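Observations on the model geometry
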Amino acid sequence: MKKNLLFRLCLMMIALLSLYSCIHDEIYSSSDPSSTEYTNKSLWKQDKKYIKNVMKVYAENEAEIKKVNGIPYWNYATTVDSFDESFVAVPVVNEGKVISVMKVPRHGKNIYFYYTHDESDLKFFQGLVFAKYKKAGMADGSIAQTDGIACTRKWMSIWLPDSESNPDPDSGAGHWSTVSIIKCEATKDECIGIALPNGDCDLSGGNEGGYEYPGGGGEGTEPEEEEDPCDKLKAQNINTDYQNKVTDLNKTSVFNKDHETGYSENKNGNFTELTTSDSDALNITVDANTRGYIHAHLNDKASGRYDDQGIQLHRQPIRMFSPADVNTLMLIAGFRSEGDYEDIYGTMISSYGIYTIKFTGTSADIQTGFNTEEWSKDYQKYRIENKYLSLEKLFLTFLKDKMNIQGVELYKIKSNGTIQKKTLSTNNQIETTDCPD
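Below is a summary of the structure that appears in this document. (Residues numbered from 1 in each chain as written. Predicted model: local features only at pLDDT ≥ 70, side-chain atom pairs only at ≥ 80, totals over all residues. Heavy atoms only, no water.)

1. Here we look at the overall build of the protein
Across its full length, the protein holds 11 helices and 24 strands. Of all 437 residues assigned to the protein, the portion counted as buried reaches 48%. (Helix = DSSP H or I, 4+ residues; strand = E, 2+ residues; numbered from the N terminus. Buried < 20%, exposed > 50% of the residue type's maximum accessible area, 1.4 Å probe, protein only.)

2. Focus on the sheet that holds strand S20 (residues 345-350)
For sheets, the rule is that strands pair by backbone hydrogen bonds, running either parallel or antiparallel. Read from one edge to the other, the open sheet built from 8 strands follows the order S14-S13-S17-S20-S21-S22-S23-S24, with strand pairing classed as mixed. The strands lining the two open edges of the sheet, one partner per strand, are strand S14 (271-273) and strand S24 (430-434). When the angles between neighbouring strand axes are averaged without regard to direction, this sheet yields 25°. Pairing geometry for strand S13 (residues 261-266) and strand S17 (residues 290-296), over 6 bridges, is antiparallel. From the neighbouring strand, Gly262 faces S17, where its bridge partner is His295. Across the sheet, helix H7 (residues 240-249) is in contact with S13, S14, S17, S20 and strand S21 (353-359); its angle to S17 comes to roughly 25°. Running over the sheet, helix H9 (residues 323-334) touches S17, S20, S21 and strand S22 (408-413) and is turned about 165° from S17. (Pairing = 2+ DSSP bridges. Axes fitted to C-alpha atoms, helices over the stretch in contact; angles between N-to-C directions. Contact = heavy atoms within 4.5 Å.)

3. Section: the environment of Trp74
Tracing the sequence through the fold places Trp74 in the loop between strand S2 (71-72) and strand S3 (87-94). Spatially, the C-alpha atoms of Trp74 and Thr39 are 8.1 Å apart, while their sequence positions differ by 35 residues.

4. Some words on the packing of helix H10 (residues 373-385) against helix H11 (residues 391-402)
Put simply, H10 and H11 touch, their axes get as near as 11 Å, and they point 125° apart. Comparing the axis directions of H10 and H11 gives the class oblique. Judged by the sense of rotation from one axis to the other, the crossing of H10 with H11 is right-handed. Residues Trp375, Asp378, Tyr379, Tyr382 and Arg383 of H10 pack against Leu394, Phe395, Thr397, Phe398, Asp401 and Lys402 of H11. (Parallel < 35°, antiparallel > 145°, perpendicular 65-115°, else oblique. Left-handed = near helix turned anticlockwise from the far one by under 90°.)

5. Quick word on the side chain of Lys245
The topology assignment puts Lys245 in helix H7. Asp248 provides the closest opposite charge to the buried, salt-bridge-free Lys245, at an N-O distance of 5.1 Å. Setting aside its immediate chain neighbours within four residues, Lys245 contacts Tyr263, Phe271 and Ile294. (Lys, Arg positive; Asp, Glu negative; His and termini not counted. Salt bridge = Lys/Arg side-chain N within 4 Å of Asp/Glu carboxyl O.)

6. Points about the packing of aromatic side chains
The geometry of an aromatic ring pair comes down to the distance between the two centres and the angle between the two planes. Taken as a whole and assessed by the stated rule, the structure comprises 14 aromatic pairs. Residues Tyr352 and Tyr355 carry aromatic rings whose centres are separated by 6.1 Å and whose planes lie at 15° to one another, so their mutual orientation is stacked. Classification of Tyr355 by relative accessible area gives buried; the value is 0%. Between the NZ or CZ atom of Lys245 and the centre of the ring of Tyr263, over which it lies, the distance is 5.3 Å. (Phe/Tyr/Trp six-rings, centres within 6.5 Å; stacked < 30°, edge-to-face > 60°. Lys NZ or Arg CZ within 6 Å of the ring centre and 35° of its normal.)

7. Observations concerning empty space enclosed by the protein
Per the counting criterion, the structure on display carries 2 cavities of 30 Å³ or more. A volume near 30 Å³ is recorded for the second largest cavity. The wall of the second largest cavity is formed by Leu233, Gln236, Asn237, Tyr242, Thr356, Ile413 and Ile419. No other element matches the 3 residues that helix H6 (residues 229-237) contributes to the lining of the second largest cavity. For the lining of the second largest cavity, the class distribution of residues is 4 nonpolar, 3 polar and no charged. (1 Å grid on protein atoms, 1.4 Å probe; cavity = no way out; pocket = protein on both sides within 12 Å on 5 of 7 lines; lining within 4 Å. Points joined across faces, edges and corners; volume = space filled by probe spheres on them. Nonpolar A, V, L, I, M, F, W, Y, C, P; charged D, E, K, R; others polar.)

8. Some points on the state of the cysteines
Going through the model one piece at a time under the given rule, you end up with 1 disulfide. Here Cys230 connects covalently by a disulfide to Cys435, the sulfurs 1.9 Å from one another. Because the torsion about its S-S bond is -65°, the bridge between Cys230 and Cys435 counts as left-handed. In this pair, Cys230 is assigned in helix H6 and Cys435 in the segment after S24, connecting sequence segments 205 residues apart. Pair check on accessibility: Cys230 and Cys435 agree, each one buried. (Disulfide = S-S within 2.5 Å.)

9. Some thoughts on the pattern of salt bridges
Evaluated as defined, the whole model comprises 12 salt bridges. As a salt-bridge pair, Glu119 and Lys123 come within 3.5 Å of each other at their nearest N and O atoms. Residue Glu119 and its partner Lys123 are located together in helix H5 (residues 119-130), separated by 4 residues, close to a single helical turn. We classify Glu119 as exposed; its relative accessible area is 55%. Among the ionic pairs, Glu409 bridges to Lys421, the shortest N-O distance being 3.2 Å. Remark: Lys421 occurs in strand S23 (residues 419-424) and Glu409 occurs in strand S22; sequence separation between them is 12 residues. For Glu409, a relative accessible area of 18% puts it in the buried group. Using a relative accessible area of 25% as the deciding quantity, one classes Lys421 as partly exposed. Among the charged side chains, a network of salt bridges with common partners joins Glu265, Arg291, Arg336, Asp340 and Asp343.

Just geometry here; none of it tells us what the structure is for.
Shown next as structure tokens:
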């Protein structure tokens, strides 16, 4: 995954569980959207094999295929829930605006390039590429309008602020606008072109003979199966080196220290003991070789400081993951290529229990900048305001409502080796699912 120098330098900084000062927008602009290397920046999983093969054909025949002045933004291409190497739609951008959508269906051994200017398609990709706040919707396959044609619609919501001076949906006025893109396929008569929602076959703007598809296959294949996080955690839990570190940290004497203790792990399975900063928190260097980290959080303890009345103050460490811990997991994910997230993890051990967070999202879900003092204070305030909630629920609701994070999952590792996935229900109640034996 191609990243600019600034992004690399930011990731290499050492700080409070990976001090990181680069803002979220830099993550999105860190790789060239028109690059010849593909990185999924959409909000959904895509048929990566088909996209990469279409990119190859386009690059080899660009002079003949290109019909408009814009540049294809491959990283924002969508296969609209197709994973059989059959279809992709790609936004074409010129001077900061989506001016066309290049749709590439496959029929038999050939693929065909068509440029469309449908207003709904343009709005969809304009929001996907350029909207600062956006969220995915579900696909809907129930919009076929005639016999012999099957259509799928992909939904997305984008935030339209009333004032650009305050575009944040959490604090500024505005509204969510729903946009969509439709993909239709002829199920009876062969349509070498784009089947429109009304069943018509659009042959405009394409090449009659098509181009030979280099990928082969495409016979109804499903997306590559990603290993279940439960399987990864079970394998990790029986790893001797990992378990030795858990044993070292899971002690009252460790929880009662005046500083945190922990280790980082690289891709080769080697652990490095972490050092502390001026506070009681840990320093960790994150790079392309980092797999994860394991650390202990402290119990409440006198701080050695006193208030104005001479009463000794107490530190209130968080015996659950902190925003900075999530930040570290995101930093590790930021060094990986799209989909190469299965082995990364963050483990927290405290007197409350042993928990692991896993990243299961896409590159579009990677957000950083949560390791600041402001985020720490916000979390402390949130704990005080919601002091009757369990630490699990506090963490998950803060993650969802305040940090606006998707793609981070919480697991509890019980003393008997059982691994439990912790999620929030639709009414914000904790749901526990045991990983299968």
